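# Secondary and tertiary structure notes
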4 protein chains.
Amino acid sequence: MATVLGVNQYGKAESRVVRIVRDTPVHEIRDLNVSTSLRGDFSGAHTAGDQSQVLPTDTQKNTAFAYAKLHGITSPEDYALALGRRLLEATPAASAAQVRVEEYAWDRIGDHSFVRRGGAVRTAVVTVGRDESHVLSGVRDLVLLNSTDSEFKGFLEDEFTTLQEADDRILATSLEARWRHATTDLDATDWNASYDAVLARVLETFAGTYSRALQETLHAMGTAVLGDHPGIAEIRFSAPNKHHFLVDFTGFDVEGLTNDGEVFVAADRPYGLIEAQVTRDDAPPAGDAWLHVPGFV
Amino acid sequence: MATVLGVNQYGKAESRVVRIVRDTPVHEIRDLNVSTSLRGDFSGAHTAGDQSQVLPTDTQKNTAFAYAKLHGITSPEDYALALGRRLLEATPAASAAQVRVEEYAWDRIGDHSFVRRGGAVRTAVVTVGRDESHVLSGVRDLVLLNSTDSEFKGFLEDEFTTLQEADDRILATSLEARWRHATTDLDATDWNASYDAVLARVLETFAGTYSRALQETLHAMGTAVLGDHPGIAEIRFSAPNKHHFLVDFTGFDVEGLTNDGEVFVAADRPYGLIEAQVTRDDAPPAGDAWLHVPGFV
Amino acid sequence: MATVLGVNQYGKAESRVVRIVRDTPVHEIRDLNVSTSLRGDFSGAHTAGDQSQVLPTDTQKNTAFAYAKLHGITSPEDYALALGRRLLEATPAASAAQVRVEEYAWDRIGDHSFVRRGGAVRTAVVTVGRDESHVLSGVRDLVLLNSTDSEFKGFLEDEFTTLQEADDRILATSLEARWRHATTDLDATDWNASYDAVLARVLETFAGTYSRALQETLHAMGTAVLGDHPGIAEIRFSAPNKHHFLVDFTGFDVEGLTNDGEVFVAADRPYGLIEAQVTRDDAPPAGDAWLHVPGFV
Amino acid sequence: MATVLGVNQYGKAESRVVRIVRDTPVHEIRDLNVSTSLRGDFSGAHTAGDQSQVLPTDTQKNTAFAYAKLHGITSPEDYALALGRRLLEATPAASAAQVRVEEYAWDRIGDHSFVRRGGAVRTAVVTVGRDESHVLSGVRDLVLLNSTDSEFKGFLEDEFTTLQEADDRILATSLEARWRHATTDLDATDWNASYDAVLARVLETFAGTYSRALQETLHAMGTAVLGDHPGIAEIRFSAPNKHHFLVDFTGFDVEGLTNDGEVFVAADRPYGLIEAQVTRDDAPPAGDAWLHVPGFV
């Protein structure tokens, strides 16, 4: 037998790039967490300690900061495409560059003053290859809750099943979603408008769907997003079921104390975890769009 | 020599209490993290294993959930006062009950649908004693940034000083603040209005102050808040200086590439840490208001 | 166009299962974090709210706890195989069950007293299918450091490269590794002995390898492990390069103060990230062994 | 009314200082997280933006790294004393310097190769004043578990009490402890031997004490440590009660399945939290030894 080098990539993770646009007294801010990786034939580095084809991760980081100025940041996707193209161009041995971006939103409180918004984080994963490129837009830490219009019943039972059917429960999740763009003209896309529209549709669908399980809600969201956006080929979800258990007041010796869906304990662990994908039946192949995207198939 | 039992307290930390008000089709939500502690003469439990004076932490937790219904949650402070009074009443050996609350805000996206806001967390620490009670309102994780109007110069130097003076830098912090109410009529206070007003004043002062150091900004905030609110005796801050370092582009071989306060790296560790207190010169004594409040003197 | 349901799975994540064996006065402890998932044809739940084929995640959790007693825990792998087989058997619609386990080690300090060891966490991912099963053993949070015998030079340079060549640096990583067993007789494997042997070989190789880049060290580890263990088909690594930067003392006005590889600052972010795989050239197909394994291709 | 500046301090938190001693081919490593603060009359910085008395936090950080070489690190306490004295000397306006250190332990796997041990973190807080100094040694994240010899019964009950008495339960905690040295000759203390001895005594007492509540176990530990060490004035504990709940198997339809203290779920939140102090009755005053020590009175 012999051993061979398999799939590999290397890069610099979590460069915290903050870009201030100060062309006028009213400043703008973009606040990103940028990770880059290169894939390709780097076997020399693995087997012979030969770095001659290796663009250092330090240089990748430098490029990420320089491109915040040279190219600018109008959206995570646009910036990541430019950065990925540059890294691929600078590295002949690479077959593809992957750029992963998280963006933290800030709200304005003055001409040059901001308060960080918190809540959902916008994400993008861009893979630039020699022949084709892929863009995944996304969101994580989108914490949603419906206080009614959720049930769970009619499920399969076995000898370990003790769960009672629920006619009316809280449904809550901390949603992570990523969607793949099928558009061929990546440079003509208005990424910010697209993101805002998808996010709005997800929220609206969550609020408007009577849920017989989290699976059904995810599917409704996915179908709604694909229905609105012909340029989106597929959407994937990773959704923990953040359990809110009704607190049992029956043991308390207090007359008239009831709990009709009013007081819940928010539980940490364990939690349900639903992973699902909704795709267009005529979606172009995903290629390596999802390769090395943590937590997604 | 002999050993003696010193200061001690016990309780249940981090009960995640979620209260849904569903009296109408438009539901309301309050989402709290509640910690309770009892202090007093519990030496029997420590030295002789005698629990007869010990109200179990499990009971404290049960009471926290029950009071979300029995008393209701109109504000962290009001709920904490009611819960603290109850726990003290139920525990003859206790000299005081401390209730610590964090509140997570949600935004409405439907009649019974919500998205968690993220960002700053509202806090309250209430200490209910046999003779007097104290209320600390507060906020944490309030991440603020000014992209200009901040300098740092004229500082003390020694042989280890290498820092260059800065005429124009980013000033950023993740603010934690707590303020002590001196009002004697705690039950007549509009806690929500008070919190909103203090928070607005903090934001406005941060945005409006030219800063020669984070210390000066904190002092300005504290003075502004006390000036507005005669009922607030003092305010304390714990403020990490979240460093944003200007990225050095001079080593790059790119003609015309400059960085005039435009691209920064947001650093994690180490960070400056400023702790400060602004107090009214005629403030009533703090008593045990600040006892066991993590991170504050 | 139409939308279709793609890859999906659901389950209960992070059940914290603690098993005490108390058959004799000298107790034993196994401390696990258990996550289970089921895959297959659950389209009814997604598209029609039909749970009749869905074994609730609550039941999966119950089974995880029950099997800690019914089957017992002699190793993460053995327990996960038994649990996965049971879940698959109980769920006709499922095509496979995946069980992910983390184990936390404890050291004995008395007959029934333990102190948690900390450090590296042992992991296992078992996928039980109708026709075949896969076992991935692994470790995470294995923090390794060489204080010399590491260099990085001869690398590719471009106009953004400012990194200096290093002849002698600290090499450190927080290793995550997973290796796939190719043995067909899974029930005859001594999982604990195998894990101990692989871990020892990884440590020994790390300590004994002169490193011209982290890639070379990973490759050496992988080759060594595969060389020792004919039953292991492949091994994959995710290795952050935990940078330790030499502190620059030249700016200090202290006579004779030098830093010859003695004082370093341990940096948090950004960090290099190397992902690599070493595989046997005659390895049997991986099938769905790596499907839904976060952070690994 | 007027506002006045109250208690304040400033400094640099979490400098990650790694010191390699490489005088021989067998290297040594000390791995610290260092935070420094200065207190005193810094009102100019707060009220007038005057930094002339302010030794920058950047300089404090530089000094922390330089002292890893100039003074060396034989123990957290000895290093912190030297660093604190230096910072106080360099800052005329300061009345005291506080140095907080965490140390991460590594195990040797080669002459210059190490694996991080994990588990308990050693801590020290040193306060150097103009007239006197204080040393607190400590440990955190010391996770302990007794699988029997723990009960909880005979407790106070009210109308919200539903807890059942427990004759035999798991007792577990993630202990944080700090103890104050009363020795006047701080430079003659063997800090490492002292730490090892205290830690051993804590473990031994935990393992050897039948516990009628966590309070009793803490008190036994404190008394044992003070009994052994005349130079220790007091010890303080912050001890979460890490609940392990017996899993209820009675609902499962499996003949003969019992759970006699064998299978537990380790719960995250809420948790009991016991804070306690054992002190020598003739202990010298604590002065500002505990000022600004997070989580301790």
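Residues numbered from 1 in each chain as written. Chains lettered and ligands numbered in written order. Predicted model: local features only at pLDDT ≥ 70, side-chain atom pairs only at ≥ 80, totals over all residues.

### What to know about the overall build of chain A
Applicable threshold: Only DSSP runs of H or I reaching four residues or more are called helices, and only runs of E reaching two or more are called strands; each is numbered from the N terminus. Once C-beta atoms are placed from the backbone, each residue is buried if 20 or more other C-beta atoms lie within 10 Å of its own, exposed if 12 or fewer, and partly exposed for counts between those two. Here, residues touch in the contact sense if the C-beta positions derived from the backbone fall within 7 Å of one another.
Secondary structure summary: chain A contains five helices and 13 strands in total. Looking at the 297 residues of chain A, the share that counts as buried comes to 56%. Restricting to contacts in chain A with at least 6 residues of sequence separation, those with at least 24 account for 65%.

### Structural notes on the relation of the copies chain A and chain B
So the rule is basically this: We superpose the copies by least squares over the C-alpha atoms of residues that have a pLDDT of at least 70 in both of them.
Once turned by 180° and shifted 0.0 Å along the axis, chain A lies on chain B with an RMSD of 0.0 Å. The superposition of one copy onto the other is thereby described by a two-fold rotation axis. It is A:G118 whose C-alpha, among those of chain A, lies nearest the rotation axis, at 2.1 Å. Residue by residue, 100% of the interface of chain A is reproduced at the interface of chain B, so both copies engage with the same surface.

### Some remarks on the interface of chain A and chain B
This is how it is decided: Gly counts as polar in this scheme, as do all residues outside two lists: the nonpolar Ala, Val, Leu, Ile, Met, Phe, Trp, Tyr, Cys and Pro, and the charged Asp, Glu, Lys and Arg. One bridge is not enough; two strands pair if DSSP finds at least two bridges between them.
In this complex, chain A contributes 49 residues to the contact, which on the side of chain B involves 49 residues. Those elements giving two or more residues to the side of chain A that touches chain B turn out to be β2 (9-21), α2 (57-70), β5 (106-110), β6 (113-116), β8 (133-146), α4 (191-208) and β12 (263-266) of chain A. When residues of the side of chain A that touches chain B are assigned to their parent elements, the largest contribution, six residues, is made by α2(A). Of the residues that constitute the side of chain A that touches chain B, the class distribution is 27 nonpolar, 14 polar and eight charged. As paired elements, β6(A) and strand β8 (residues 133-146) of chain B share three bridges and run antiparallel to each other.

### Some remarks on the pairing of strand β4 (residues 94-104) of chain A
All names here are of chain A. Most of β4 is tucked away: nine of the 11 residues are buried. Bridge analysis of strand β3 (residues 28-40) against β4 gives 10 bridges, and the strand direction is antiparallel. Note that in β4 the partner of D31 across the bridge is Y104. Here β4 pairs with strand β7 (residues 121-129) via eight bridges, running antiparallel. Bridging across to β7, E102 finds its partner in T123.

### Some remarks on the relation of the copies chain C and chain A
Rotating chain C by 180° and translating it 0.0 Å along the rotation axis places it on chain A, where the RMSD comes to 0.0 Å. Interface residue correspondence from chain C to chain A reaches 100%, placing this contact among same-surface, isologous pairings.

### Digging into the interface of chain C and chain A
Residue-level contacts link 74 residues of chain C with 74 residues of chain A. Of all the elements in the fold, those that place two or more residues in the side of chain C that touches chain A are β1 (3-5), β2 (9-21), α1 (43-48), α2 (57-70), α5 (214-228), β10 (232-241) and β13 (271-280) of chain C. Of the residues assigned to the side of chain C that touches chain A, the class counts are 30 nonpolar, 29 polar and 15 charged.

### A word on the domain arrangement of chain A
Residues and elements named next belong to chain A. Here is the rule: Domain start and end points were adopted from an automatic or database domain assignment.
Parsing chain A into structural domains produces domain 1 (8-130) and domain 2 (132-297). The C-alpha centroid of domain 2 is placed 28 Å from the C-alpha centroid of domain 1. Those elements that place two or more of their residues in the side of domain 1 that touches domain 2 are α3 (76-90), β4 and β7. In terms of residues, the side of domain 1 that touches domain 2 owes the most to one element, β7, which gives nine residues. Here the residues of the side of domain 1 that touches domain 2 are counted per class, giving eight nonpolar, eight polar and three charged.

### Regarding the nonpolar core
Rules: To count as a nonpolar core, a set of buried Ala, Val, Leu, Ile, Met, Phe, Trp, Tyr and Cys residues must be joined through C-beta atoms within 7 Å.
Counting 352 residues, the largest nonpolar core has A:V225, B:V225, C:V225 and D:V225 as the members making the most contacts within it. Residues contacting C:V225, with those up to four places away along its chain left out, are C:W179, C:V198, C:R201, C:V202, C:I232 and C:I235.

### Focus: helix α2 (residues 57-70) of chain D
Our working rule: One less than the number of residues in a helix, times 1.5 Å, gives the span that helix is expected to have.
Here α2(D) contains 14 residues, and its C-alpha end-to-end distance of 19 Å stays within 8% of the 20 Å for a straight helix at 1.5 Å per residue. By the criterion of burial, α2(D) is predominantly enclosed, with 11 of the 14 residues buried. What α2(D) keeps buried is the set D:T57, D:T59, D:Q60, D:K61, D:N62, D:T63, D:A64, D:F65, D:A66, D:Y67 and D:A68. Among the structural elements, β13 (271-280) of chain B, β12 (263-266) of chain C together with β2 (9-21), β3 (28-40) and α3 (76-90) of chain D are those in contact with the buried residues of α2(D). Positive backbone phi, approximately 85°, marks D:G72, located one or two places after α2(D).

### Some details on helix α3 (residues 76-90) of chain C
All names here are of chain C. Compared with the 21 Å implied by 1.5 Å per residue over 15 residues, the 21 Å span of α3 between its first and last C-alpha is a close match. Burial within α3 is extensive, with 12 of its 15 residues counted as buried. For α3, the elements touching its buried residues are β3 (28-40), α2, β4 (94-104), β7 (121-129), β8 (133-146) and α4 (191-208).

### Here we look at the environment of A:D167
Following the sequence through the fold, A:D167 ends up in the loop between β8 and β9 (171-181). Sequence separation between A:D167 and A:D149 is 18 residues, and the spatial gap between their C-alpha atoms is 8.6 Å.

### Here we look at the environment of C:D228
All names here are of chain C. Relative to the helices and strands, D228 resides in helix α5. Distance from D228 to A197, taken between C-alpha atoms, is 8.9 Å for residues 31 residues apart in sequence. Beyond its immediate sequence surroundings of up to four residues, D228 is in contact with A197 and R201.

### Observations regarding the packing of α4(A) against helix α5 (residues 214-228) of chain A
Residue and element names in this part refer to chain A. The following threshold applies: In this description, a line fitted to the C-alpha atoms serves as the axis of each element, helices being fitted only across the stretch in contact, and the angle between N-to-C directions of two axes falls anywhere from 0 to 180 degrees. Working rule for angles: under 35 degrees goes down as roughly parallel, over 145 as roughly antiparallel, 65 to 115 as roughly perpendicular, anything else as oblique. Left-handed is the label given to a crossing in which the near helix is rotated counterclockwise from the far helix by less than a right angle, and right-handed is the label when the rotation is clockwise.
Where α4 meets α5, the axes come as close as 9 Å, and the angle between the chain directions of the two elements is 140°. One finds that α4 runs oblique with respect to α5. Remark: the crossing between α4 and α5 carries right-handed chirality. Contact residues: α4 offers A197, V198, R201, V202, T205 and F206, while α5 offers T217, A220, M221, A224, V225 and D228. For the contact of α4 with α5, the class distribution of residues is eight nonpolar, two polar and two charged.

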